[in-house]
Structures are given as C-alpha cells and as structure tokens.
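Understanding the architecture of this molecule
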Amino acid sequence: MRESFLYPKIGRFLQNRGWLVRYEIPPRVGSARRFDVVGVNSRRNQAVVVEAKLGHYRRTVDQASHRQFVADFVYVSFPLAYAKGVARSHIHELEDLGIGLLGVDGRAYELLLPHQSKHVNPDRRVELINMVYEVRRRDG
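Rules used in this analysis
Residues numbered from 1 in each chain as written. Predicted model: local features only at pLDDT ≥ 70, side-chain atom pairs only at ≥ 80, totals over all residues. Heavy atoms only, no water. Helix = DSSP H or I, 4+ residues; strand = E, 2+ residues; numbered from the N terminus. Rg over C-alpha atoms; globule rule 2.2 N^0.38 Å. Buried < 20%, exposed > 50% of the residue type's maximum accessible area, 1.4 Å probe, protein only. Areas by Shrake-Rupley, 256 points an atom, 1.4 Å probe, with all protein chains shown as cover. Lys, Arg positive; Asp, Glu negative; His and termini not counted. Charge placed at Lys NZ, Arg CZ, Asp CG, Glu CD. Pairing = 2+ DSSP bridges.

Quick look at the overall build of the protein chain
Secondary structure summary: the protein chain contains four helices and six strands in total. Going residue by residue from the N terminus, the α and β elements of the protein chain occur as α-β-β-β-α-β-α-β-β-α. By the compact-globule yardstick of 14 Å for 140 residues, the protein chain fits well, its C-alpha radius of gyration being 14 Å. Taken over the C-alpha atoms alone, the protein chain extends approximately 40 × 30 × 30 Å along its principal axes. With 140 residues in all, the protein chain has 50% of them scored as buried. Total accessible area computed for the protein chain in this model is approximately 7,500 Å², and 49% of it derives from carbon and sulfur atoms. Averaging the locations of the 23 positively and 15 negatively charged side chains of the protein chain gives two centres separated by 4 Å.

Printed below as a string of structure tokens:
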C-alpha cells in the first residue's frame, strides 16, 4: 500500500466539511516536502493540511508541526489500526501540539480534533491557498 491510497478517503472527509481539496501540492520555493492533502476555505480564509503516512509516527508529527506555520489546522493520518495505536500511546502529545489524528480504512475517521494553530503565518497561509487554486485551475 502507498500513502496516496489514503488521500481520496481523507479528501472526502474534508470535502464533507466544506473544504476544497487538492493532493500533493508542490512545495514553495525553499521547501523540500510536498503537502500530502490540503483543504482550503476561501470564505473563511483558512487552510487545513493532512500529513498522511503508513507509519513512522515521530517523523510524521515532526512534519505536521512545521505545517502549523502555514495552515490553520493540521492532522496526521495513518491506516486505522496504526492510528488507534497512536491514539493509545500519543494522544496527549498530539493534544498538546494541537495536531488532529485521522484513521483511514474504507473511510477516514477523526480520532482527535486539531486545535487552530497559533503559529500560522498569514502570508504563508495565503500563499498555500493560492497554490491550491493554481492547481485547481491547471487541473480543471
């Protein structure tokens, strides 16, 4: 299984909550990593980012923490069985960081709500939102 297998299920979860969703948004200049799943709501001028992985909790949380400078809400997402283990072992850490948790099998399940980021840079958020709309225009 590849991480991208999780994307459509995460996308449906976000779309059902009113987000315009795009996958694998290229990094901005100077950044090495793509955004796995991004949702934007231009009416609220907000963005949500989901770091989707098959495992590797620590690396995923480190990446997600950096996304809090760009997005209003940040989740980590794993296959459901792994995510339940993360919830048992790391729920307090995720709560303290303000990062949400999704578990994915046939659909995405929200195991922990994210907190709104206190670190988001408004200029970087707008840049991310614009990148999502650019991908939308390009992809049709």
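Regarding the pairing of strand E5 (residues 100-104)
Counting buried residues in E5 gives five out of five residues, a clear majority hidden from the surface. Side chains of E5 alternate between two faces, with Gly 100, Leu 102 and Val 104 and Leu 101 and Gly 103 buried alike. Bridge analysis of strand E4 (residues 73-79) against E5 gives five bridges, and the strand direction is parallel. Bridged to Phe 78 within E5 is Gly 103.

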